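Architecture and fold: a report
Take a look at the letters that make up each chain.
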Amino acid sequence: MQLPVKNSRNEVVFISADEVLYLIREGRDIFVHTSKTRYSIINSLNDFEALLQPSGFEKLDKSNLVNMEKVMKWSSVENKAYFDKEDKSIKVHVSRRNQEKLAGYPEL
């Protein structure tokens, strides 16, 4: 599935949903993060949730939508999900009520 996003030059481009690590709301803006790039989107997070949930995306808190196939590990102590086995810099917050969605993933 191809997603319409805006690049850093504000041009609409299409990226594969398979490339997406997560979507996150930051203030009034919503961003799509891949392993290398951050894009902005026009639609709401709820619009993308309805579109991407059948492809394995889940809300882990009220401000993010995560590609669960890309999660490598998580920490119940830090309430974070991580996307790289070696590096803890790419992460998202996990609300306590959504920790059960990460039950099958390796924990720090």
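How each quantity is defined
- Residues numbered from 1 in each chain as written.
- Predicted model: local features only at pLDDT ≥ 70, side-chain atom pairs only at ≥ 80, totals over all residues.
- Heavy atoms only, no water.
- Buried < 20%, exposed > 50% of the residue type's maximum accessible area, 1.4 Å probe, protein only.
- Helix = DSSP H or I, 4+ residues; strand = E, 2+ residues; numbered from the N terminus.
- Pairing = 2+ DSSP bridges.
- Salt bridge = Lys/Arg side-chain N within 4 Å of Asp/Glu carboxyl O.
- Axes fitted to C-alpha atoms, helices over the stretch in contact; angles between N-to-C directions.

What follows is about the pairing of strand 7 (residues 64-67). With burial as the criterion, each face of strand 7 is covered, one bearing Asn-64 and Val-66 and the other bearing Leu-65 and Asn-67. Sheet topology note: the strand 3 (residues 20-26)/strand 7 ladder contains three bridges and is antiparallel. Bridged to Leu-23 within strand 7 is Leu-65. With three bridges joining them, strand 6 (residues 57-61) and strand 7 adopt antiparallel strand pairing. Along strand 7, the bridge assignment pairs Glu-58 with Val-66.

Across the six residues of strand 4 (residues 29-34), five count as buried, placing the element largely inside the fold. Between strand 3 and the antiparallel strand that follows it, strand 4, lie two residues; Gly-27 among them carries a positive phi value of about 65°. In sequence, strand 4 turns back onto strand 5 (residues 38-40) through a hairpin of three residues.

Turning our attention to the pattern of salt bridges. Per the stated rule, a full pass over the model turns up five salt bridges. Here Glu-26 makes a salt bridge to Arg-38, at a shortest N to O gap of 3.2 Å. Of this pair, Glu-26 sits in strand 3 while Arg-38 is found in strand 5, placing the two residues 12 residues apart along the sequence. Between Lys-88 and Glu-78 there is a salt bridge whose closest N-O contact spans 3.3 Å. Placement of Lys-88 in the loop between strand 9 (80-82) and strand 10 (91-93) and of Glu-78 in the loop between strand 8 (73-75) and strand 9 is noted, with a sequence separation of 10 residues between them. With a relative accessible area of 37%, Lys-88 lands in the partly exposed category. For Glu-78, a relative accessible area of 36% translates into the label partly exposed.

Right, let's get into the sheet that holds strand 10. Backbone-to-backbone hydrogen bonds pair the strands of a sheet. The strands run either parallel or antiparallel. The three strands are arranged 8-9-10 in an open sheet whose pairing can be described as antiparallel. Edge strands, defined here as strands with exactly one partner in the open sheet, are strand 8 and strand 10. Along the sheet, successive strands turn relative to each other by an average axial angle of 20°, direction set aside. As judged from the three bridges shared by strand 8 and strand 9, these two strands associate in the antiparallel manner. The partner of Trp-74 across the bridge, within strand 9, is Ala-81.

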